[in-house]
Amino acid sequence: MDTGILYVAIVLSGTIILFVSDRIRIDLVAVLAALSLAWLGVITPKDAISGFASNAVVAIASVMILGYGLERTGVTSRLASILVRYAGTSEKRVTTAVSATVGFLSSFMNNVGAAALFLPATRRIAKQTRIPVSRLMMPMGFAAILGGTVTMIGSAPMILLNDLLRQGNAEPFSLFAVTPVGLSLLFAGIALFAFAGDRILPRKIAEGSD
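Analysis parameters
Residues numbered from 1 in each chain as written. Predicted model: local features only at pLDDT ≥ 70, side-chain atom pairs only at ≥ 80, totals over all residues. Heavy atoms only, no water. Phe/Tyr/Trp six-rings, centres within 6.5 Å; stacked < 30°, edge-to-face > 60°. Helix = DSSP H or I, 4+ residues; strand = E, 2+ residues; numbered from the N terminus. Core = buried A, V, L, I, M, F, W, Y, C linked by side-chain atoms within 4.5 Å. Buried < 20%, exposed > 50% of the residue type's maximum accessible area, 1.4 Å probe, protein only. Contact = heavy atoms within 4.5 Å. 1 Å grid on protein atoms, 1.4 Å probe; cavity = no way out; pocket = protein on both sides within 12 Å on 5 of 7 lines; lining within 4 Å. Points joined across faces, edges and corners; volume = space filled by probe spheres on them. Nonpolar A, V, L, I, M, F, W, Y, C, P; charged D, E, K, R; others polar. Axes fitted to C-alpha atoms, helices over the stretch in contact; angles between N-to-C directions. Parallel < 35°, antiparallel > 145°, perpendicular 65-115°, else oblique. Left-handed = near helix turned anticlockwise from the far one by under 90°.

A.B. asks: Which residues make up the packing of aromatic side chains, and what values do they have?
C.D. replies: Under the defined criterion, the tally for this structure stands at 3 aromatic pairs. Ring plane angle 70° and centroid distance 6.5 Å describe the contact between Phe108 and Phe176, whose orientation is recorded as edge-to-face. Within this pair, whereas Phe108 is found in helix H6 (residues 91-108), its partner Phe176 is found in the loop between helix H9 (156-167) and helix H10 (179-200), the two being separated by 68 residues in sequence. Aromatic ring contacts, followed pair by pair, group Phe104, Phe108 and Phe176 into a single cluster.

Here is the structure:
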């Protein structure tokens with residue numbers, strides 16, 4: 001077996017174990033993996049740090065910073081109050097409002113960050129409306145995933161795809177190139193949970209639990 005392949009397999013196995021064990025921060029594990037490959041001679045030191053010059057990496061980092069700024073300014077708390085005020089206590093209306101809001105946010109920021117950002121607000125809404133939090137979390141999570149398909153910056157794979165196209169001297173997609181498909185997926189997901197939520201959503205978590 002080629003020594004390089006063996007080294008890559010060892011580093012990859014160690015990276016997966018560290019990801020699963022969650023004993024070291026994920027970002028630190030990723031950096032250690034790149035440095036390990038460079039130290040073992042599988043890649044050059046220049047290749048090990050070249051990712052930090054990628055447009056995709058900068059874009060993802062910027063989106064995460066934007067999400068943290070929204071959290072620090074209290075935007076999500078105000079959104080929760082507005083949603084409760086206009087959606088009332090009807091589970092169908094609250095589910096639709098929460099899903100649509102998270103879907104919109106994840107269209108213009110990282111979808112994982114949008115879900116994490118709106119998590120406290122969702123729990124607050126569940127407590128105020130006495131709707132089981134489990135019946136709001138799942139629609140919110142899927143809306144964040146589907147919302148990431150609305151624009152080319154909503155999810156990491158989309159950003160990476162455009163960056164790879166640029167590196168290959170191909171024409172990258174525009175910001176709203178995938179919007180028709182993404183909106184269709186998002187609306188379908190929201191409608192599914194709004195009209196079939198009673199049959200597919202769990203009930204085992206107590207209402208408004210923290």
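Having seen it, we continue.
A.B. asks: Any chance you could break down the nonpolar core for me, citing the residues and the numbers?
C.D. replies: Val94, Val98, Phe118 and Ile125 are the most contacted members of the largest nonpolar core, which totals 22 residues. Where this core is concerned, the elements lending two or more residues are helix H5 (75-87), H6, helix H7 (111-129) and helix H8 (134-147). Those residues in contact with Val98 that lie beyond four places of it in its chain are Leu83, Phe118, Thr122, Ile125 and Met140.

A.B. asks: Any details on the layout of surface pockets? Residues and values, ideally.
C.D. replies: There is about 580 Å³ of room inside the largest pocket. Around the largest pocket, the lining comprises 12 residues; the ones closest to its centre are Asp27, Ala30, Val31, Phe52 and Val57. Only helix H2 (26-39), helix H3 (45-49) and helix H4 (55-72) provide two or more residues apiece to the lining of the largest pocket. Of the residues that constitute the lining of the largest pocket, the class distribution is 9 nonpolar, 1 polar and 2 charged.

A.B. asks: Explain the packing of H6 against H10 to me, using residue names and the numbers behind them.
C.D. replies: Two elements in contact, H6 and H10, have axes separated by 9 Å at closest approach and are oriented at 160°. Overall, the two elements H6 and H10 adopt an arrangement that is roughly antiparallel. As for the relative orientation of H6 and H10, their crossing is right-handed in sense. Counting all contacts with H6, which are made through Glu91, Lys92, Thr95, Thr96, Ser99, Ala100 and Gly103, the residues of H10 involved are Leu186, Ile190, Phe193, Ala194, Phe195 and Asp198.

A.B. asks: Before we move on, could you go through unusual backbone geometry and cite the residues and values that matter?
C.D. replies: With phi around 60°, Asp22 is a residue other than glycine that occupies positive phi space. By secondary structure assignment, the location of Asp22 is in the loop between helix H1 (3-21) and H2. Taking relative accessible area as the criterion, Asp22 reaches 56% and is therefore assigned exposed. Positive phi outside glycine occurs at Asn169, with the angle close to 60°.

A.B. asks: So, the packing of H6 against H8: which residues are in play, and what are the values?
C.D. replies: Relative to each other, H6 and H8 sit at 30°, their axes nearing to 7 Å. Viewed along their axes, H6 and H8 adopt a mutual orientation that is roughly parallel. Crossing of H6 over H8 shows right-handed handedness. On H8, the residues touching Glu91, Val94, Thr95, Val98, Ser99, Val102, Gly103, Ser106 and Ser107 of H6 are Arg135, Leu136, Pro139, Met140, Ala143, Ala144 and Gly147.

A.B. asks: Explain the environment of Arg130 residue by residue, including any values.
C.D. replies: Within the secondary structure, Arg130 sits in the loop between H7 and H8. For Arg130, a relative accessible area of 64% translates into the label exposed. Residues Arg130 and Glu91, 39 residues apart in the sequence, show an inter-C-alpha distance of 9.2 Å.

A.B. asks: Could you give an account of the environment of Ile190, with specific residues and numbers?
C.D. replies: By the secondary structure assignment, Ile190 is in helix H10. Exposure remark for Ile190: the relative accessible area of 11% places this residue in the buried category. Distance in space between the C-alpha atoms of Ile190 and Phe142 is 8.6 Å, their sequence separation being 48 residues.

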